[in-house]
Amino acid sequence: MKNIFYVLLATILIVSCQPQGPERYSTTGPEIDMVKALVADYEQGNWESWAEKYADTAKVYHKSWDNGISAQELKEGFQENLAVFSSYDFKDDPVFYEMIIDNEGKTWVNFWGTWKGTMKANGKTYTIPVHTTSQYVDGKIVKYYGYWDGTEVAMTIQAMEAAAAMQEDQM
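Residues numbered from 1 in each chain as written. Predicted model: local features only at pLDDT ≥ 70, side-chain atom pairs only at ≥ 80, totals over all residues. Heavy atoms only, no water.

Caption draft 1: Summary view of the overall build of the chain. A count of helical and extended segments in the chain gives five helices and seven strands. Tracing the chain from N to C terminus, the helices and strands come up as α-β-α-α-β-α-β-β-β-β-β-α. Taken over 171 residues, the chain has a buried fraction of 33%. Surface summary for the chain: the accessible area is close to 11,200 Å², and the carbon and sulfur share equals 56%. (Helix = DSSP H or I, 4+ residues; strand = E, 2+ residues; numbered from the N terminus. Buried < 20%, exposed > 50% of the residue type's maximum accessible area, 1.4 Å probe, protein only. Areas by Shrake-Rupley, 256 points an atom, 1.4 Å probe, with all protein chains shown as cover.)

Caption draft 2: Focus on the nonpolar core. In terms of nonpolar packing, the biggest core is built from 32 residues, with Tyr42, Trp50, Tyr54, Leu82 and Trp115 touching the most fellow members. Take this core: its biggest share by element is six residues, from helix α2 (residues 30-44). When neighbours within four sequence positions are excluded, Tyr54 is seen to be in contact with Leu38, Val60, Ala71, Leu74, Lys140, Ile141 and Tyr144. (Core = buried A, V, L, I, M, F, W, Y, C linked by side-chain atoms within 4.5 Å. Contact = heavy atoms within 4.5 Å.)

Caption draft 3: Looking closely at α2. Helix length check: α2 (15 residues) gives 21 Å between terminal C-alpha atoms against 21 Å at 1.5 Å per residue, within 8%. Buried within α2 are the following residues: Ile32, Met34, Val35, Leu38, Val39, Asp41 and Tyr42. At the exit of α2 stands Gly45, carrying a positive phi of roughly 70 degrees. (Expected span 1.5 Å × (residues − 1).)

Caption draft 4: Summary view of the environment of Lys140. Tracing the sequence through the fold places Lys140 in strand β7 (residues 140-148). A relative accessible area of 33% places Lys140 in the partly exposed class. Ignoring anything within four residues of it in the chain, the contact list for Lys140 reads Glu52, Lys53, Tyr54, Ala55 and Gln135. Among the polar contacts listed, one links the side chain of Lys140 to the backbone oxygen of Glu52, at a separation of 2.4 Å. (Polar contact = N/O pair within 3.5 Å; in protein donor to acceptor, adjacent residues only side chain to side chain.)

Caption draft 5: Representation of unusual backbone geometry within the structure. The peptide bond linking Asp93 to Pro94 adopts the cis configuration, its omega dihedral lying at 0 degrees. You can see Pro94 is positioned in the loop between β3 (85-90) and β4 (96-101). Even without being a glycine, Lys63 presents a positive backbone phi close to 55 degrees. Under the relative-accessibility criterion, Lys63 is labelled partly exposed at 47%. The backbone of Asp138 shows a phi angle near 50 degrees, a positive value even though the residue is not glycine.

Caption draft 6: How the structure looks around the packing of aromatic side chains. Applying the stated criterion across every chain, the model contains 16 aromatic pairs. Taken together, a centroid distance of 6.0 Å and an interplanar angle of 70 degrees make the contact between Trp50 and Phe78 edge-to-face. Placement of Trp50 in helix α3 (residues 47-51) and of Phe78 in helix α4 (residues 71-82) is noted, with a sequence separation of 28 residues between them. Considered together, Trp50 and Phe78 belong to a single accessibility category, that of buried residues. Look at Trp65 and Tyr147: their rings are 6.1 Å apart centre to centre, the planes differ by 45 degrees, and that puts the pair in the tilted class. Within this pair, whereas Trp65 is found in the loop between β2 (54-62) and α4, its partner Tyr147 is found in strand β7, the two being separated by 82 residues in sequence. Ring-pair connections join several aromatic residues into one group, and the members of that group are Tyr42, Trp47, Trp50, Tyr54, Phe78, Tyr88, Phe90, Tyr97, Phe111 and Tyr144. One cation-aromatic arrangement involves Lys36 over Tyr97; the distance from NZ or CZ to the ring centre is 5.2 Å. (Phe/Tyr/Trp six-rings, centres within 6.5 Å; stacked < 30°, edge-to-face > 60°. Lys NZ or Arg CZ within 6 Å of the ring centre and 35° of its normal.)

Given below as structure tokens:
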């Protein structure tokens, strides 16, 4: 009986001492720090620093699983879309970051936050929940997915453009 106990104890000790691999879930780490810096660069309009966080071959997907664009195209789109706002940023609370290593060994960082921006033309502030997830390889973003509902902002811009066109037609 003692021998069975000692064999069982030795087996447990050997199994428990095996390397477990990297932590598969975390709320801290260099990848999360990079996403925090990416958000800060976005808020400050620091596009050079923002772009450095993406690999040259990175693909970006906004509200889509298909038709990825480059980080450069994303930067240009952000700059154009943000031009109609007098201010924009992400609320400090609530905001959530998590890093995971998936079953294929890929490192991803998820971000949930609330974007708010004030439109120049009407002074209205818009608040939009945002979710992004980005994959990292060698400290750079190689894939980036972003999801939010910008319908209210788009409809406001369309209404303003339509009103301006009608006013122009009346002249």
